[in-house]
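# Results of the structural survey
Here is what each chain is made of, one letter per residue.
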Amino acid sequence: MLTKRIIACLDVDAGRVVKGVQFSDLRDAGDPAQLAHAHGRAGADEVVLLDISATYEDRSTLLDVVRRTARQLFIPFMVGGGIRSLDDAAAVFDAGADKVTVNSAALADPSLITRIAQRYGSQAVIVAIDALRVSNGKGMSYGVKATGGRRSTGRDAVEWAVEAEQCGAGEILLTSIDRDGTRGGFDCELTRAVVTAVNIPVIASGGAGAAEHFVEVFRDGRADAALAASIFHLGVTPIGALKQELQVAGIPMRWPC
Amino acid sequence: MIAIVDYRAGNLASVRKAFDHLGREAVITADPEVIAQATKVVLPGVGNFEATTALSGALREAVVRAIEREVPLLGICLGMQWMFESSEEAPKLRGLGLFPGECEKFPAEVKSPHVGWNQLQVRGASRLLCGLAPDSFVYFTHSYRAPVVEATVGNCEYGGTFSAAVERGNLFGVQFHPEKSGEAGLQLLRNFCEL
């Protein structure tokens, strides 16, 4: 049976892993390559490295960090942050990434998704969507933010996910800005809304704090994968223990691995 | 020396990295003369069957000659699909036809691509899968799948049963990515190196 994936995310700033609360207040959490390997050994199904300041400060992704991390990592490895062109993506693939995530640049020009997919295959292009709840009087909807959550785009998250799929995205990495770093649980409504609208895998992100949050997002949110950062590398929840708990709760997991 | 055939279809570096890790010399090459010297040949690849267009002419011939020399050949993902006759994804192209049948799309009731860790159900004796735990988890990412044939040594279930691993003599193919499948994948590549 195809299992649900647990993805360990490393938010990287200036070559170090950091973790913020609601996209700010950054704290140092270690060396990316070391943490990636530790997560792999602990049972992570995939590792994501996000260069969180790349777009904002107009820096290219830290290719040497990617290279160093990829060298000994024999599970899928995704890299994002600052990928603005096919050439940026190519450099990240050359450095050892299996998949890239595109965000702000794809919002500005959705054809970037198509161009990367045509060269590297859809499975290699993940569209990252940072969504924020918006109350519009009639009810709740989800707006899309760009540039690390700093800029509104006027787009609707569900509509953008559908468009991204049509452009050739292989997966959606869906982050709830409202929940990011709070450890209060994933936004299951947001996740389910996107999962229902597209036919490609959806990775839920933002808000992981305890095993029951993962159970909720897989069961109620119908996510294909769930991503977390701080609870793994700050050692709050060991991945192996989490996977065992999920397995007991009836969620298919790669465990033991 | 292991020749990793370069036909511009991704994941070449990850495959070489895995062989490096196992202490085996592997080169990424599109040179028929290098392939002619190889003691093993790997056909990697992800993406569209259309990409196998690059596997025509001299490159195709070099691979066919290697097969005639009975050099162990391992097709990975798209590389394995190319070892079948054809694929719905690019119906005009012809595969190597080493295994019978056409690769087809997943049925509409399951999400496509099939992405993630799924179980490899080993059936029958296999030199390639030797030492892998039964129902080992391996990493897949593909939108088309190969049929179960006589040479199928590993099944996978996703919207029905398909060939996850095929083997006949020195011909081997895997739909999943051993270079991305953790310890199980490294064990498989070690087995291939030691053939």
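If you're wondering where the values come from, they're calculated on a predicted model, not measured in any experiment. (Residues numbered from 1 in each chain as written. Chains lettered and ligands numbered in written order. Predicted model: local features only at pLDDT ≥ 70, side-chain atom pairs only at ≥ 80, totals over all residues.)

Let's shift gears to the overall build of chain A. When its secondary structure is counted, chain A shows ten helices and twelve strands. For a compact globule of 257 residues, the expected C-alpha radius of gyration is about 18 Å, and chain A comes in at 17 Å, within 12% of that figure. Based on the C-alpha atoms only, the size of chain A along its principal axes is roughly 45 × 40 × 40 Å. For chain A, with 257 residues in total, the buried portion stands at 57%. Long-range contacts, defined as pairs at least 24 residues apart, comprise 64% of the intrachain contacts of chain A with a sequence gap of at least 6. (Helix = DSSP H or I, 4+ residues; strand = E, 2+ residues; numbered from the N terminus. Rg over C-alpha atoms; globule rule 2.2 N^0.38 Å. Buried ≥ 20, exposed ≤ 12 C-beta atoms within 10 Å, placed from the backbone. Contact = placed C-beta atoms within 7 Å.)

Hydrogen bonding along the main chain pairs the strands of a sheet, whether they run parallel or antiparallel. All names here are of chain B. Spatial strand order, 2-1-3-4-12-11-10-7-8: nine strands in an open sheet with mixed pairing. Each edge of the open sheet carries a strand with a single partner, namely strand 2 (26-29) and strand 8 (136-142). The sheet shows a mean angle of 25° between the axes of neighbouring strands, direction not considered. (Pairing = 2+ DSSP bridges. Axes fitted to C-alpha atoms, helices over the stretch in contact; angles between N-to-C directions.)

Glancing now at the interface of chain A and chain B. Facing 25 residues of chain A, the contacting portion of chain B comprises 29 residues. Its residues assigned to classes, the side of chain A that touches chain B comprises ten nonpolar, eight polar and seven charged. (Nonpolar A, V, L, I, M, F, W, Y, C, P; charged D, E, K, R; others polar.)

Residues and elements named next belong to chain A. Structurally, the position occupied by Leu-62 is in the loop between strand 4 (46-51) and helix 2 (63-70). Taking the number of C-beta atoms within 10 Å as the measure of exposure, Leu-62 has 24 and is therefore buried. With 32 residues separating them in the primary sequence, Leu-62 and Asp-94 have C-alpha atoms 13 Å apart. Ignoring anything within four residues of it in the chain, the contact list for Leu-62 reads Val-12, Gly-15 and Asp-51.

A word on the sheet that holds strand 5 (residues 86-87) of chain B. Overall, mixed pairing links the three strands, which are arranged 5-6-9 (chain B) in an open sheet. Both edges of this open sheet fall to strand 5 and strand 9 (144-145) of chain B, since each of them pairs with a single strand only.

A few words now on the packing of helix 3 (residues 86-94) of chain A against helix 5 (residues 111-120) of chain A. Residue and element names in this part refer to chain A. Put simply, helix 3 and helix 5 touch, their axes get as near as 10 Å, and they point 40° apart. One element, helix 3, and the other, helix 5, form an angle in the oblique class. Taken as a pair, helix 3 and helix 5 cross one another with a handedness that is right-handed. Packed against helix 3, whose contacting residues are Leu-86, Ala-89 and Phe-93, the element helix 5 presents Arg-115, Ile-116, Arg-119 and Tyr-120 at the interface. Along the lines of polarity and charge, the residues of the contact of helix 3 with helix 5 split into five nonpolar, no polar and two charged. (Parallel < 35°, antiparallel > 145°, perpendicular 65-115°, else oblique. Left-handed = near helix turned anticlockwise from the far one by under 90°.)

What follows deals with unusual backbone geometry. A cis amide bond links A:Trp255 to the next residue, A:Pro256, at an omega of 0°. Summarising the element assignment, A:Pro256 is placed in the segment after helix 10 (239-248). In this chain, B:Ser112 is followed by B:Pro113 through a cis amide linkage whose omega measures 5°. Phi angles above zero are rare outside glycine, and B:Asp135 is one such case at about 60°. Assignment of secondary structure puts B:Asp135 in the loop between strand 7 (114-122) and strand 8.

This next bit is on the pairing of strand 8 of chain B. Residue and element names in this part refer to chain B. Counting buried residues along strand 8, seven of its seven residues qualify, which places the element largely inside the surrounding structure. Along strand 8, one buried face is formed by Ser-136, Val-138, Phe-140 and His-142 and the opposite face, lined by Phe-137, Tyr-139 and Thr-141, is buried too. In this structure, strand 7 lies alongside strand 8, joined through seven bridges in antiparallel fashion. Across the sheet, residue Val-115 finds its bridge partner in strand 8, namely Thr-141.

Ranked by internal contacts, the top residues of the largest apolar core, which has 152 residues, are A:Val100, A:Val127, A:Ile172, A:Val194 and A:Ala226. Those residues within four positions of A:Ala226 in sequence are excluded, and the remaining contacts are A:Ile6, A:Ile7, A:Phe186, A:Ala204, A:Ala208, A:Phe214, A:Val217 and A:Phe218. (Core = buried A, V, L, I, M, F, W, Y, C linked by C-beta atoms within 7 Å.)

Here we come to the environment of B:Val15. Residue and element names in this part refer to chain B. For Val-15, the position within the fold is in helix 1 (residues 12-21). A C-alpha to C-alpha distance of 20 Å links Val-15 and His-114, two positions 99 residues apart in sequence. Sequence-distant contacts of Val-15, that is, excluding residues within four places in its chain, are made with Ile-4, Val-42, Pro-44, Ile-76 and Glu-179.

As a further point, take helix 10 of chain A. Residues and elements named next belong to chain A. When we look at burial in helix 10, the residues that qualify are Ile-239, Leu-242, Lys-243 and Leu-246. Down the axis of helix 10, the smallest arc covering the buried residues is 95°, so these residues share one side. Away from its buried face by more than 90 degrees, helix 10 exposes Ala-241 and Val-248. Once helix 10 ends, the next one or two residues include Gly-250, with phi positive near 90°. (Arc of directions from axis to C-beta.)

Moving on: the packing of helix 6 (residues 157-167) of chain A against helix 7 (residues 188-197) of chain A. A pair of packed helices is captured by two measures, namely the crossing angle of their axes and the spacing between those axes. All names here are of chain A. Remark: helix 6 packs on helix 7, axes separated minimally by 9 Å, with the N-to-C direction vectors making an angle of 35°. Relative to helix 7, helix 6 is oriented so that their crossing is right-handed. Packed against helix 6, whose contacting residues are Ala-157, Val-158, Ala-161 and Val-162, the element helix 7 presents Leu-190, Ala-193, Val-194 and Ala-197 at the interface. Residue composition of the contact of helix 6 with helix 7, grouped by class: eight nonpolar, no polar and no charged.

The subject of this paragraph is helix 3 of chain A. The periodicity of an α-helix, 3.6 residues per turn, causes residues three or four positions apart to be oriented the same way. Residue and element names in this part refer to chain A. Within helix 3, the full set of buried residues consists of Asp-88, Ala-89, Val-92 and Phe-93. One side of helix 3 holds all its buried residues, which, seen down the axis, span an arc of 135°. Facing away from the buried surface of helix 3 by more than 90 degrees, the exposed residues are Asp-87 and Asp-94. Along its buried surface, helix 3 packs onto helix 2, strand 5 (77-80), strand 6 (99-102) and helix 5. At the exit of helix 3 stands Gly-96, carrying a positive phi of roughly 125°.

Take the pairing of strand 1 (residues 5-13) of chain A next. Residues and elements named next belong to chain A. Counting buried positions along strand 1 gives nine out of nine residues, so the element sits mostly inside the fold. Across the two faces of strand 1 the burial is the same, with Arg-5, Ile-7, Cys-9, Asp-11 and Asp-13 and Ile-6, Ala-8, Leu-10 and Val-12 all buried. In this structure, strand 1 lies alongside strand 12 (residues 225-228), joined through four bridges in parallel fashion. Looking across to strand 12, one finds that Arg-5 is bridged to Ala-225. Alignment of strand 1 against strand 4, held across six bridges, turns out to be parallel. Residue Ala-8 lies in a different strand from strand 4, and its bridge partner there is Val-47.

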